[in-house]
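Here is how the chains run, residue by residue.
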Amino acid sequence: MRNFLVLILMSFAFTSCAINEVVDLSNPNEIRYSNETDLIGIKRLLEKQTDNTSKNNLEILKKNSNKDLSINEFISFLKTLDLNQTKQNDKFEDLYVIQEDLSSLDFMFYRIDYNEKDFKFLIINKANSISNLNENFNKLQEVYKIINHKKQLKFEAELKKLKKKERDSQLINLMRSQNNSTILSFGNSKYFSEGNFFKRTIDTKAFVESYLPSSLSDENRELMKTMFSQYKVNFKYTFASPIKNISIADALFSLYRKTFSKEYSLIELLNNPELNNFTVELED
């Protein structure tokens, strides 16, 4: 299957229509934050392929699924994939460039959940306390500043190879704006917890900038908004005690009210980024 590796890599590029922030706070000493991209549409495409290479790749995918992998383990898994009977490891060249940077984030894990109903790509942040979770996000932001700087240098070097007319095209201008955005949306959260009170906040300006950089032209801004209009963002948080009050309107609760979920459209969050901030009061 010619596009198998491309389909896997699409998980890094927000190709899914559902992005989930799932946080388990039920054990304050073992906090698990995961950013989950739903790939159910890609699952249907993969399973329709009938050639031997695709079947082999699907078996490799299933064998490595449902496991928390370090970045080195995850890349080792990617290298085992076969594209048209030949190893195409150069397809992951961009990932190799940042592998060492990502390896410094030893609290980060990568996971593919693949089963009869689901296909998800998860980026997981494991922490032993709320303060440790915040520290991890700070480290994540710092590392991604380095990664994005490298990406920007490479992008500018590639631009020099193009003719002036090509460098000024709408597509290149859009790519330039995206590359100039060095703020990482994932990891922008900050948490506070004291007693029965829990709070989530983000830098709202940074959140919008990560998706819609201020350097975007009006035309490209509308283009990006059109693309983002299909995306959904779902918050799902689980606590040790039942939820007494929450600042989110129309949140859905589990049977014992220890878990809440709330879905927004990404455009809704970009138009009103304060919706990303919420407080929770737990029962005694």
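In this text, all values refer to a predicted model and were calculated from it rather than measured experimentally.

Novice: Help me out: how do you make sense of the overall build of the chain in this one?
Specialist: Secondary structure assignment for the chain yields 12 helices and 13 strands. Residues counted as buried form 44% of the 284 residues belonging to the chain. Excluding contacts between residues fewer than 6 apart, the proportion of contacts in the chain whose partners are at least 24 apart in sequence is 68%. Per element, the accessible surface of the chain, about 15300 Å² overall, is 50% carbon and sulfur.

Novice: What is the right way to look at the nonpolar core in this model?
Specialist: Note that soluble globular proteins tend to have their nonpolar side chains buried in a common cluster. Core analysis: the largest hydrophobic core is formed by 62 residues, its most contacted members being F74, Y191, F198, F228, Y237, F239 and F260. In terms of residue count, the dominant contributor to this core is helix α7 (residues 130-159) (six residues).

Novice: Honestly, the layout of surface pockets in this entry has me stumped. Any pointers?
Specialist: Over the atoms, a rolled probe matching the size of one water molecule traces out where space is still vacant. Computed from the structure, the second largest pocket encloses a volume of approximately 230 Å³. L25, P28, I130, S193 and L282 are the residues nearest the centre of the second largest pocket, which is lined by 14 residues in total.

Novice: Would you take a moment to explain the sheet that holds strand β5 (residues 108-114) for this structure?
Specialist: The pairing of strands in a sheet happens through backbone hydrogen bonds and is either parallel or antiparallel. Read from one edge to the other, the open sheet built from seven strands follows the order β5-β6-β2-β1-β9-β12-β11, with strand pairing classed as mixed. Single-partner strands in this sheet number two, and they are β5 and β11 (252-253). Pairing analysis gives eight bridges linking strand β1 (residues 18-25) to strand β9 (residues 232-239), with the strands arranged parallel. For I19, the partnering residue across the bridge sits in β9 and is V233.

Novice: Would you mind showing me how to read the side chain of S189 here?
Specialist: Within the fold, S189 resides in strand β7 (residues 189-194). A polar atom in the side chain of S189 sits 2.9 Å from the side chain of R200. With near-sequence residues (within four places) excluded, S189 lies in contact with E21, Y33, N134, F137, R200, T201 and I202.

Novice: Got a minute to help me understand the sheet that holds β7 in this structure?
Specialist: With antiparallel pairing, four strands are arranged side by side in an open sheet as β7-β8-β13-β10. With partners counted over all chains shown, the strands left at the sheet margins are β7 and β10 (243-246), one partner each. Each adjacent strand pair in this sheet contributes to an overall mean axis angle of 20°, direction not counted. The sheet contact formed by β10 and strand β13 (residues 278-282) spans three bridges and is antiparallel. What sits directly across from N245, in β13, is E281.

Novice: Looking at this structure, I do not really get the packing of aromatic side chains. What am I missing?
Specialist: Each aromatic ring pair is characterised by the separation of its centres together with the angle its planes make. A full pass over the atoms with the stated rule returns 19 aromatic pairs. Measuring from ring centre to ring centre gives 5.2 Å for Y237 and F278, while their planes differ by 85°; the resulting arrangement is edge-to-face. Of this pair, Y237 sits in strand β9 while F278 sits in strand β13, and the two are 41 residues apart along the sequence. According to the relative accessible area criterion, F278 is buried, its value standing at 1%. Three or more aromatic residues joined by ring pairs form one cluster here, namely Y33, F137, Y191, F198, F235, Y237, F239, F260, Y264 and F278. Above the face of the Y96 ring, K79 is positioned so that its terminal group lies 5.2 Å from the ring centre. The ring of F109 is capped by K126, whose NZ or CZ atom sits 4.4 Å from the centre of that ring.

Novice: Explain the side chain of D113 to me, please; I cannot follow it from the model alone.
Specialist: The topology assignment puts D113 in strand β5. Judged by relative accessible area, which is 17%, D113 ranks as buried. A polar side-chain atom of D113 sits 2.5 Å from a polar atom in the side chain of R111. Leaving out residues up to four positions away in the same chain, D113 has contacts with N66, D118, F119, K120 and L122.

Novice: Please clarify how the pattern of salt bridges should be interpreted in this entry.
Specialist: Think of it this way: side chains of opposite charge can pair up when their charged atoms draw near. Going through the model one piece at a time under the given rule, you end up with 10 salt bridges. With a closest N to O distance of 3.1 Å, D68 and K126 form a salt bridge. Here K126 lies in strand β6 (residues 119-127) and D68 lies in the loop between α3 (52-63) and α4 (71-79), a separation of 58 residues in the sequence. Classification of D68 as partly exposed rests on a relative accessible area of 23%. On the accessibility criterion, K126 (33% relative accessible area) is partly exposed. Linked by salt bridges that have partners in common, R32, D68, R111, D113 and K126 make up one network.

About the criteria used
- Residues numbered from 1 in each chain as written.
- Predicted model: local features only at pLDDT ≥ 70, side-chain atom pairs only at ≥ 80, totals over all residues.
- Heavy atoms only, no water.
- Helix = DSSP H or I, 4+ residues; strand = E, 2+ residues; numbered from the N terminus.
- Buried < 20%, exposed > 50% of the residue type's maximum accessible area, 1.4 Å probe, protein only.
- Contact = heavy atoms within 4.5 Å.
- Areas by Shrake-Rupley, 256 points an atom, 1.4 Å probe, with all protein chains shown as cover.
- Core = buried A, V, L, I, M, F, W, Y, C linked by side-chain atoms within 4.5 Å.
- 1 Å grid on protein atoms, 1.4 Å probe; cavity = no way out; pocket = protein on both sides within 12 Å on 5 of 7 lines; lining within 4 Å.
- Points joined across faces, edges and corners; volume = space filled by probe spheres on them.
- Pairing = 2+ DSSP bridges.
- Polar contact = N/O pair within 3.5 Å; in protein donor to acceptor, adjacent residues only side chain to side chain.
- Axes fitted to C-alpha atoms, helices over the stretch in contact; angles between N-to-C directions.
- Phe/Tyr/Trp six-rings, centres within 6.5 Å; stacked < 30°, edge-to-face > 60°.
- Lys NZ or Arg CZ within 6 Å of the ring centre and 35° of its normal.
- Salt bridge = Lys/Arg side-chain N within 4 Å of Asp/Glu carboxyl O.

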